[in-house]
Amino acid sequence: MTRCKTLSLSKLSQFTKLALSAAASAAVLASALPAQAADKFTFLTNWYAQAEHGGFYQAQATGLYGKAGLDVTIKMGGPQVNLMQLLVAGQADCIMGYDVQTIKAWEQGIPAVTVAAAFQKDPAVIIAHPQVKKFEDLKGKTILVGSAGLVTYWPWVKSKYGFTDSQVRPYTFNIQPFLADKDIAQQGYLASEPYSIEKEGKIKPSVFLLSDLGWPPYATTVVCAADTVKNKPKIVAAFVKASMEGWKSYLSADPAPGNALIKKDNPNMTDDLIANGISKMKSEGMVFGGDAAKLGIGIVTDERMKTTFDMMVANKLVDPSKVDLKKTYTTQFVKDLKVMP
C-alpha cells in the first residue's frame, strides 16, 4: 500500500495566501519600474521646416514614431548645413537626402545609403515668363541656376535640350531679377518660387517640372550611414514605416498636427505657403504618384536607381569605376512595406 504526502487544508490555505501575496508584490514592483525606453533617433532635414517635410512632422505629431518604439528628434537643415558631414560625424542617424548627392558621396568615400524615397519626383523646376510655352524655347535665353543645380540637373538639361553654359547666370535665391526681365528664366522649387512670383509679381509664370521632362532622381529620401543600416536594421525599419504612414496621414487625413510642429520649428512658415505646398504635392503626385501608386509610399526600385545612375555616368556626374550602385541604396525596408496611398 503506497502512501501519498498531502497538505492539510489549513496549510494549503496558508500556501495559497503566500503565493497570492508574492504575485501581488511582483505586480506592484513591475508597475513601479520604468517602461522600456524608446530608441532615440535623430533625423536631419534638408531645409527649414515646410510642407514638403510634412509627413515626418505628422508622424511625430500624431505619435506614430512613439508607437513604433522610437524617440525621434527632427532637426532642420539650412543653407549652411552640410548634411553628409553631420551624418558621417554621427550627429544624425539618417538625413533627408537626394539620389544624385548620395551616389556622389560614395565616389568621395562616404558610405551613405538611400533606404526610402518619400518623393517619387524631384520638385526642381525651371520658371519662365508666361510667353514661354515650351521648355525648348529657353534655348539661348538667360537662365539663373544655383551652384547645386550646376552639378546636378544642368548637365542633363544641356545634353538633352542643347542648352549651353553661356546661358547660365548665378541664382541668388532672389526672384527680383526674374521679375525685372521678361527674357530671364530661373530655377526654383515646385511649391516655393512659382508661388512667390505669382503672388508678388502678379503674373502666372510658366513652370517646367524637370521630373516631367525625364529628370529621373527621387527626392526627399531617407539616407542613413551604411553602418546604421547594418547594425540597427530594426530601428531603421521602424522609422521608415512610421514616416511613410506619416506621409499618408499628412496628405490623406488632417495635416493640422504636422503643420503645428512645422510652424513651431519655422515661425516664418505661413498657412498659405503650407497650403500651397500640400496642394502641389497632391496635384503633381509627388508622394502618391509614380511607382508609389502601386507599390506603396516610400518605394525605391532597382530600375529607377539604375536609370539615375546611368544618367549620371552619361553626363559625367560620377565615375562608375569608383561607385558600386548596389551599395548606394537598399530596397529591404520598402519593398514589402505596402503603405498604400
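Heads up: these notes are all about the structure in this document. (Residues numbered from 1 in each chain as written. Predicted model: local features only at pLDDT ≥ 70, side-chain atom pairs only at ≥ 80, totals over all residues. Heavy atoms only, no water.)

1. Quick notes on the packing of helix H2 (residues 54-61) against helix H12 (residues 256-265)
Then, in step 1: Their axes nearest at 7 Å, the elements H2 and H12 cross at an angle of 105°. With respect to H12, the element H2 is oriented roughly perpendicular. Contacts between H2 and H12 involve Gly54, Tyr57, Gln58, Gln60 and Ala61 from the former and Pro257, Gly258, Leu261, Ile262 and Asp265 from the latter.
Then, in step 2: Considering only residue class, the contact of H2 with H12 consists of five nonpolar, four polar and one charged. (Axes fitted to C-alpha atoms, helices over the stretch in contact; angles between N-to-C directions. Helix = DSSP H or I, 4+ residues; strand = E, 2+ residues; numbered from the N terminus. Parallel < 35°, antiparallel > 145°, perpendicular 65-115°, else oblique. Contact = heavy atoms within 4.5 Å. Nonpolar A, V, L, I, M, F, W, Y, C, P; charged D, E, K, R; others polar.)

2. What about the state of the cysteines?
Then, in step 1: Under the criterion given, the structure shown has one disulfide.
Then, in step 2: Cys94 shares a disulfide with Cys224; S-S distance 2.0 Å. Between Cys94 and Cys224 the disulfide shows an S-S torsion of about 95°. By sign, it is right-handed. With a gap of 130 residues between them, Cys94 in strand E3 (residues 94-98) and Cys224 in strand E10 (residues 219-225) connect regions that are remote in the sequence. Considered together, Cys94 and Cys224 belong to a single accessibility category, that of buried residues. (Disulfide = S-S within 2.5 Å. Buried < 20%, exposed > 50% of the residue type's maximum accessible area, 1.4 Å probe, protein only.)

3. Observations regarding the packing of aromatic side chains
Then, in step 1: One pass over the structure, following the stated rule, counts 18 aromatic pairs.
Then, in step 2: Judged by centre distance (4.4 Å) and plane angle (20°), the rings of Phe41 and Phe239 are stacked. Here Phe41, found in strand E1 (residues 39-44), pairs with Phe239, found in helix H11 (residues 233-252); they are 198 residues apart in sequence, far enough to count as distant. Note on accessibility: Phe41 and Phe239 belong to one class, buried.
Then, in step 3: Both rings, one in Trp154 and one in Phe163, keep their centres 6.1 Å apart while their planes meet at 45°; by these two values the pair is tilted.
Then, in step 4: Given the relative accessible area of 2%, Trp154 is considered buried.
Then, in step 5: Owing to a relative accessible area of 4%, Phe163 belongs among the buried residues under this scheme.
Then, in step 6: Among the aromatic residues, those joined into a ring-pair cluster are Phe41, Phe43, Phe56, Tyr65, Phe119, Phe239, Trp247 and Tyr250.
Then, in step 7: For the cation-ring pair, Arg304 lies above Tyr218, with the distance from its terminal atom to the ring centre recorded as 4.2 Å. (Phe/Tyr/Trp six-rings, centres within 6.5 Å; stacked < 30°, edge-to-face > 60°. Lys NZ or Arg CZ within 6 Å of the ring centre and 35° of its normal.)

4. Topic: helix H13 (residues 271-283)
Helical geometry note: an α-helix holds 3.6 residues per turn, so side chains three or four residues apart project in the same direction.
Then, in step 1: Taking 1.5 Å of rise per residue, the 13 residues of H13 would be expected to cover 18 Å, and the 18 Å separating its terminal C-alpha atoms lies within 8% of that figure.
Then, in step 2: Turning to H13, its buried residues number three or more, namely Ile274, Asn276, Gly277, Ile278 and Met281.
Then, in step 3: Once H13 finishes, Gly285 follows within two positions and takes phi at roughly 65°, a positive value. (Expected span 1.5 Å × (residues − 1).)

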